[in-house]
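Examining the three-dimensional arrangement
Spelled out from the first residue to the last, the chains are:
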Amino acid sequence: MGNNKRLEWLDALRGFTMILVVACHVAQMCYGINLKTSASMPFFVLFRMPLFFFVSGFLAWKPDILWTPVRLGMMVWKKVKIQMIPTVVFLCVCIVLRHPHFWDTLLNILQRPTKGGYWFTWALLIMFMVYYIYAFLENRLRWGKWGIWVVWVLSLALYECAYLPKVFTWPTSTFMQWSSLYQVVLFFHFFLFGNIMARNWHRVEQLMDTRWFFIVLVVVAFFTTADILRWHTLRFAWTNLPRTVAMYSLMMIIVMTFRHYDQALSQQTRIGRLLQYVGRRTLDVYLLHYILMPKLPQVGAWFNANQPNFLLEQTATIALALLVVAACCVVSHVLRVSPVLKKYLFGRGIKKVH
């Protein structure tokens, strides 16, 4: 982007993605729907988290920042306070409220790369730290505009290696699991891709506005998604290739759709205001929703016993997800009454680094 203007549709996109994340967790944790037998989750898994990291990387690009050692330290410390303190607090609260044995559960969760669901903020912190170090070195080492592309290609290569366990064993090592670096490897390339798009936003918009680009994306997304969910034509080293292409093409289709309908998603419309509100409360919703989700195994038992239905399953998960998101926003609003809680639980009130 030539300027640093906040795009309203991007906040709406993040709100939309947050609702999808909660809906997926509703299906698994509230209803007990199995990912392998679900009619909708295997499809939405392809783009919901990639979209999140894409938007994070997009917003991380700030061309007006002068990177100095002091600025680097301030940016890293700010992210540590925003990402780490709330995650630790809410993880502990969630364990206390939902599990009978605190220390055993905590130790078990820390051994897993997903950290009981709270891996996202920790993995995002690592991504920001790596990116900030890159941004600090970028001008000093004179890597030029292609440096970020090289880093993206390398991260994409690491991602592909993670899906070849018979060849590469490091992704499943104890260190990768405990540190959640495995999750970073899976999603960092989407963060970098979003950053690249922000750096070249004028040219990207020109490409999006061509007649053929969206059509090509739809065709590619259809066939690669069909291969993943139905055909399974490729094996071993090539198995993840159509999956990767499907994730990127579906992600770009949604990005282009939200950009195209930017007026309908602005602050001037009700749906725009609601999605943007959720989009600017993603940290709050993400941290709180694990605590507020109810247990409704009867619903999952019905879906598992009957013929899978994409529309019905997604309607049921989205409906409860909207209620959970609304409850998260209410609880967040109450907690924000305290300036201390607002600052240390949700990272608000922390002085911005310009």
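Here we summarise the structure given alongside this text. Computed from a prediction, not measured in an experiment: that's the story for all the values here. (Residues numbered from 1 in each chain as written. Predicted model: local features only at pLDDT ≥ 70, side-chain atom pairs only at ≥ 80, totals over all residues. Heavy atoms only, no water.)

Comments concerning the overall build of the protein chain
Counted only if it meets this: Working definition: helices are DSSP H or I runs of at least four residues, strands are E runs of at least two. Numbering for both runs from the N terminus. With the radius of gyration taken over C-alpha atoms, the globule rule is written as 2.2 Å times the number of residues to the power 0.38. Per-residue accessibility, obtained with a 1.4 Å probe over protein chains only, is compared with the maximum for each type, and a residue is labelled buried under 20%, exposed over 50%, and partly exposed between these values. Here, residues are in contact when the closest pair of their heavy atoms is within 4.5 Å. By the counting scheme adopted, Arg and Lys are positive, Glu and Asp are negative, and His together with the chain ends is not counted. Working definition for charges: the position is that of NZ of Lys, CZ of Arg, CG of Asp or CD of Glu.
Scanning the protein chain for helices and strands turns up 17 helices and zero strands. The C-alpha atoms of the protein chain give 20 Å as radius of gyration, which agrees with the globular expectation for 354 residues (20 Å, within 12%). In terms of overall dimensions, the protein chain has C-alpha extents of about 60 × 55 × 50 Å along its principal axes. Looking at the protein chain residue by residue over its 354 residues, the buried ones come to 50%. Counted over contacts in the protein chain with a minimum sequence separation of 6, partners at least 24 positions apart contribute 81%. Taken as two groups, the 35 positive and 12 negative side-chain charges of the protein chain have centres that lie 6 Å from each other.

Observations concerning the packing of helix H6 (residues 119–140) against helix H9 (residues 181–199)
Two packed helices can be described by the angle between their axes and the distance between those axes. Counted only if it meets this: Axis definition: a line fit to C-alpha positions, over the contact stretch in the case of helices; interaxial angles, taken between N-to-C directions, run 0 to 180 degrees. Working rule for angles: under 35 degrees goes down as roughly parallel, over 145 as roughly antiparallel, 65 to 115 as roughly perpendicular, anything else as oblique. When the near helix sits turned anticlockwise from the far one by under a right angle, the crossing is termed left-handed; a clockwise turn instead gives a right-handed crossing. The nonpolar class holds Ala, Val, Leu, Ile, Met, Phe, Trp, Tyr, Cys and Pro. Asp, Glu, Lys and Arg form the charged class, and all remaining residues, Gly among them, are polar.
H9 packs onto H6 with a crossing angle of 50° between their chain directions and a minimal axis gap of 9 Å. Viewed along their axes, H6 and H9 adopt a mutual orientation that is oblique. For the element pair H6 and H9, the recorded crossing hand is right-handed. Across from Trp-119, Ala-123, Leu-124, Ile-126, Met-127, Phe-128, Val-130, Tyr-131, Tyr-134 and Glu-138 in H6, the residues of H9 making contact are Leu-181, Gln-183, Val-184, Phe-187, Phe-188, Phe-191, Asn-195 and Arg-199. Here the residues of the contact of H6 with H9 are counted per class, giving 14 nonpolar, two polar and two charged.

A few points about the packing of aromatic side chains
Where we set the bar: We call Phe, Tyr and Trp rings a pair once their centres come within 6.5 Å, taking the six-membered ring for Trp, and we label the pair stacked below 30 degrees between planes, edge-to-face above 60, and tilted otherwise.
A full pass over the atoms with the stated rule returns 38 aromatic pairs. Measuring from ring centre to ring centre gives 6.3 Å for Trp-146 and Trp-149, while their planes differ by 45°; the resulting arrangement is tilted. Ring plane angle 35° and centroid distance 4.9 Å describe the contact between Phe-190 and Tyr-248, whose orientation is recorded as tilted. With Phe-190 in helix H9 and Tyr-248 in helix H12 (residues 240–260), this pair connects stretches of sequence that are 58 residues apart. On the basis of relative accessibility, which here comes to 11%, the residue Tyr-248 falls in the buried class.

What about the packing of helix H1 (residues 8–30) against helix H3 (residues 48–60)?
Contact geometry for H1 and H3: axes closest at 9 Å, N-to-C directions at 150°. In terms of their interaxial angle, H1 and H3 are classed as roughly antiparallel. Considering how the two elements wind past one another, H1 and H3 form a crossing that is left-handed. Here Leu-10, Leu-13, Arg-14, Thr-17, Met-18, Leu-20, Val-21 and Cys-24 of H1 come into contact with H3, specifically with Arg-48, Met-49, Leu-51, Phe-52, Val-55, Phe-58 and Leu-59. Here the contact of H1 with H3 is built from residues that sort into 12 nonpolar, one polar and two charged.

Comments concerning the pattern of salt bridges
Keep this limit in mind: For this analysis, a salt bridge means a side-chain nitrogen from Lys or Arg found within 4 Å of a carboxyl oxygen belonging to Asp or Glu.
Summed over all chains, the structure comprises six salt bridges. Here Arg-199 and Glu-138 are joined by a salt bridge, their closest N and O atoms 2.7 Å apart. Placement of Arg-199 in helix H9 and of Glu-138 in helix H6 is noted, with a sequence separation of 61 residues between them. Like Glu-138, Arg-199 is buried. The closest approach of N and O atoms between Arg-259 and Asp-209, which form a salt bridge, is 3.1 Å. Of this pair, Arg-259 sits in helix H12 while Asp-209 sits in the loop between helix H10 (201–208) and helix H11 (213–231); the two residues are 50 residues apart in sequence, bridging distant segments of the chain. We classify Arg-259 as buried; its relative accessible area is 17%. Overlapping salt bridges bring together Asp-11, Arg-14 and Arg-280 as one network.

Thoughts on a nonpolar patch on the surface
Where we set the bar: Candidates for patches are residues over 30% relative accessible area with no salt bridge; among them, like charges are joined within 9 Å and nonpolar side chains (Val, Leu, Ile, Met, Phe, Trp, Tyr) within 5 Å. To measure how exposed things are, a 1.4 Å probe is used in the Shrake-Rupley method; for residues, cover is taken only from the protein chains shown.
Taken together, the side chains of Ile-85, Val-89, Val-93, Val-96, Leu-97, Val-340 and Tyr-344 present a nonpolar region at the surface, about 580 Å² in accessible area. Elements with a contribution of two residues or more to the nonpolar patch: helix H4 (69–98) and helix H17 (339–346). Top contributing element to the nonpolar patch by residue count: H4, with five residues. Mapped onto the elements of the fold, Val-96 is located in helix H4.

Looking at the side chain of His-289
Structurally, His-289 is set in helix H14 (residues 282–292). The class for His-289 is buried, based on a relative accessible area of 0%.

A few points about the nonpolar core
Quick reminder of the rule: By convention a nonpolar core is built from buried Ala, Val, Leu, Ile, Met, Phe, Trp, Tyr and Cys residues, the set being connected through side-chain atoms within 4.5 Å.
Leu-13, Phe-53, Tyr-131 and Phe-191 are the most contacted members of the largest nonpolar core, which totals 113 residues. With 14 residues, H1 is the single largest residue contributor to this core. Excluding residues within four positions of it along the chain, Leu-13 makes contact with Leu-51, Val-55, Ile-254, Val-255 and Phe-258.

Thoughts on H3
Helical geometry: 3.6 residues make up each α-helical turn, so side chains three or four residues apart lie on a common side. What counts is decided by this rule: Here the expected length of a helix is defined as 1.5 Å per residue gap, with one fewer gap than residues.
Compared with an ideal rise of 1.5 Å per residue, which puts 13 residues at 18 Å, H3 spans 19 Å between its outermost C-alpha atoms and is within 8% of the ideal. Most of H3 is tucked away, with 12 of its 13 residues classed as buried. For H3, the full list of buried residues reads Arg-48, Met-49, Pro-50, Leu-51, Phe-52, Phe-53, Phe-54, Val-55, Ser-56, Gly-57, Phe-58 and Ala-60.

Quick notes on the environment of Glu-8
Definition in use: Polar contact is defined as a pair of N or O atoms within 3.5 Å, subject to the rule that within protein one atom must be able to donate a hydrogen and the other to accept it, and that residues adjacent in sequence are counted only when both atoms are side-chain atoms.
Structurally, Glu-8 is set in helix H1. Glu-8 sits in the partly exposed class, given a relative accessible area of 30%. Sequence spacing of Glu-8 and Ser-338 is 330 residues, and the spatial spacing of their C-alpha atoms is 28 Å. Not counting residues up to four positions away in its chain, the partners in contact with Glu-8 are Leu-265, Ser-266, Gln-267 and Gln-276. Reaching out from Glu-8, the side chain makes a polar contact with the backbone nitrogen of Gln-267 at a distance of 3.0 Å.

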